[in-house]
Amino acid sequence: MSPSGAAQWVEVEGRRVRLTNLDRVLYPDGMTKAEVIAYYTAVAPALLRQLRDRPVTRVRWPEGVGGERFFEKNVPAGAPDWLRHRPLPASPGTDDEGTVVDSPFLDDLAALVWSANQSALELHTPQWRVLPDGTFTNPDRLVVDLDPGPPAGLDECAAVARLVAARLAEDGLTTTVPVTSGSKGMQLYAPLDGSLTAMQVREYARNVAEELAAREPLVLANMKRALRPGKVLLDWSQNHPAKTTVTPYSLRGRERPAVAAPRTWDEVGPGMTQLSPDEVVRRLESDGDLLAT
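Report on the accompanying structure.

Rules behind the numbers
- Residues numbered from 1 in each chain as written.
- Predicted model: local features only at pLDDT ≥ 70, side-chain atom pairs only at ≥ 80, totals over all residues.
- Heavy atoms only, no water.
- Helix = DSSP H or I, 4+ residues; strand = E, 2+ residues; numbered from the N terminus.
- Buried < 20%, exposed > 50% of the residue type's maximum accessible area, 1.4 Å probe, protein only.
- Contact = heavy atoms within 4.5 Å.
- Axes fitted to C-alpha atoms, helices over the stretch in contact; angles between N-to-C directions.
- Parallel < 35°, antiparallel > 145°, perpendicular 65-115°, else oblique.
- Left-handed = near helix turned anticlockwise from the far one by under 90°.
- Pairing = 2+ DSSP bridges.
- Phe/Tyr/Trp six-rings, centres within 6.5 Å; stacked < 30°, edge-to-face > 60°.
- Lys NZ or Arg CZ within 6 Å of the ring centre and 35° of its normal.

Comments concerning the environment of aspartate 147
No. 1: Residue position: aspartate 147 is located in strand S8 (residues 141-148).
No. 2: Here aspartate 147 falls in the buried class, since its relative accessible area comes to 18%.
No. 3: For the pair formed by aspartate 147 and methionine 186, sequence separation is 39 residues and the distance between their alpha carbons is 6.9 Å.
No. 4: If near-sequence neighbours (up to four positions away) are discounted, aspartate 147 is found in contact with Lys184, Arg228, Lys231, Val232 and Leu233.

A closer look at the packing of helix H1 (residues 33-42) against helix H3 (residues 109-117)
No. 1: At their nearest, the axes of H1 and H3 sit 9 Å apart, and the two run at 155 degrees to each other. Taken together, the axes of H1 and H3 are roughly antiparallel relative to one another. Considering only the axes of H1 and H3, their crossing is right-handed. The segment H1 lies against H3, with Lys33, Val36, Ile37, Tyr40 and Thr41 engaging Leu109, Leu112, Val113, Ala116 and Asn117.

Examining the sheet that holds S8
No. 1: Ordered in space as S11-S12-S8-S10-S9-S14, the six strands form an open sheet in which the pairing is mixed. The open sheet has two free edges, formed respectively by strand S11 (219-220) and strand S14 (261-262), since each of these has just one partner strand.
No. 2: Bridge analysis of S11 against strand S12 (residues 232-235) gives two bridges, and the strand direction is parallel. Paired with valine 219 across the bridge in S12 is valine 232.

Details of the packing of aromatic side chains
No. 1: Scanning all chains against the criterion turns up two aromatic pairs.
No. 2: Judged by centre distance (5.3 Å) and plane angle (65 degrees), the ring pair of tyrosine 39 and tyrosine 40 falls under edge-to-face.
No. 3: Ring plane angle 50 degrees and centroid distance 5.6 Å describe the contact between tryptophan 128 and phenylalanine 136, whose orientation is recorded as tilted.
No. 4: The buried category is assigned to tryptophan 128, whose relative accessible area is 6%.
No. 5: It is arginine 84 that lies over the ring of phenylalanine 105; its NZ or CZ is 4.2 Å from the centre.

Re the sheet that holds strand S13 (residues 245-246)
No. 1: With antiparallel pairing, four strands are arranged side by side in an open sheet as S4-S3-S7-S13. Single-partner strands in this sheet number two, and they are strand S4 (70-72) and S13.
No. 2: Pairing between strand S7 (residues 120-125) and S13: two bridges, direction antiparallel. Bridge pairing in S13 places histidine 124 opposite valine 246.

Side note on H3
Since there are 3.6 residues in each turn of an α-helix, residues three or four apart along the chain are aligned in direction.
No. 1: Most of H3 sits inside the fold, with nine of its nine residues counted as buried.
No. 2: When we look at burial in H3, the residues that qualify are Leu109, Ala110, Ala111, Leu112, Val113, Trp114, Ser115, Ala116 and Asn117.
No. 3: Those residues of H3 that are buried lie in contact with strand S1 (8-12), strand S2 (15-19), H1, helix H2 (44-51), strand S3 (57-60) and S7.
No. 4: Immediately beyond the C-terminal end of H3, within one or two residues, lies serine 119, with a positive phi of roughly 60 degrees.

Some points on the pairing of S1
Two faces belong to every sheet, and in a regular strand the side chains alternate between them.
No. 1: Two strands pair when backbone bridges link them, and S1 and S2 are joined in this way by five bridges, in the antiparallel orientation. Among the inter-strand pairings, tryptophan 9 is bridged to a residue of S2, identified as arginine 18.
No. 2: In this structure, the hairpin formed by S1 and S2 is closed by a connection of two residues, where glutamate 13 is found at a positive phi of approximately 50 degrees.

Encoded structure:
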């Protein structure tokens, strides 16, 4: 793939994808759209496992991370006719399901390349899936978002992550995977058997967060911004059926290119840092997908 301002067509696993402005710089360090596409191509096997059957909210920066961004939940005009999409309620399984969204699904490498060509740097997904026949599943994972309030940072998130994992293990959730967010904090993912609804999972996550906040000075379960400084917020709300979380292996639209990256528990501690795209690709090659089941 040679970067060029001219549009070009490429064939990706039997599908034709139009690429444009491959030399456009999307990150201040010089990372171009061509390099973004190359990253998503390299991590596609692991990322597609996370995206499978989940509607995708794409966050786009058409002029790069220094410019305007927008969240795109609907399939845009001009999307290829082979792209899978389906009208879905914005908040399925609740009393108020909200508006209907024509949600895209990124099923394969061609879809990832198409999305990256639109400068969709971040890919956000819910904790539930939609099967090809249109059936909604209950969540197959619980997520706890650890959001530090300065001067707290990633070191404090690491300490709280261990507290949360130990508490989840008391209820049998013993395979929690830590993910550095590529931004300020972390997420913890715990696989579920699908027996609970999204609202039941949300309530459970809220109870755990409030229990830990009541006994741990560093932990916060209340969303009020005035309470955030020096604390780590356990954002239990990400389990609501209307909410999405950045997908593991997605890039982040920050000044420095970084990735929402699965980590081992041996890494979770003082001095941990967010990982770059190159680091994530090397780790996948050497260690495999830490989220593979």
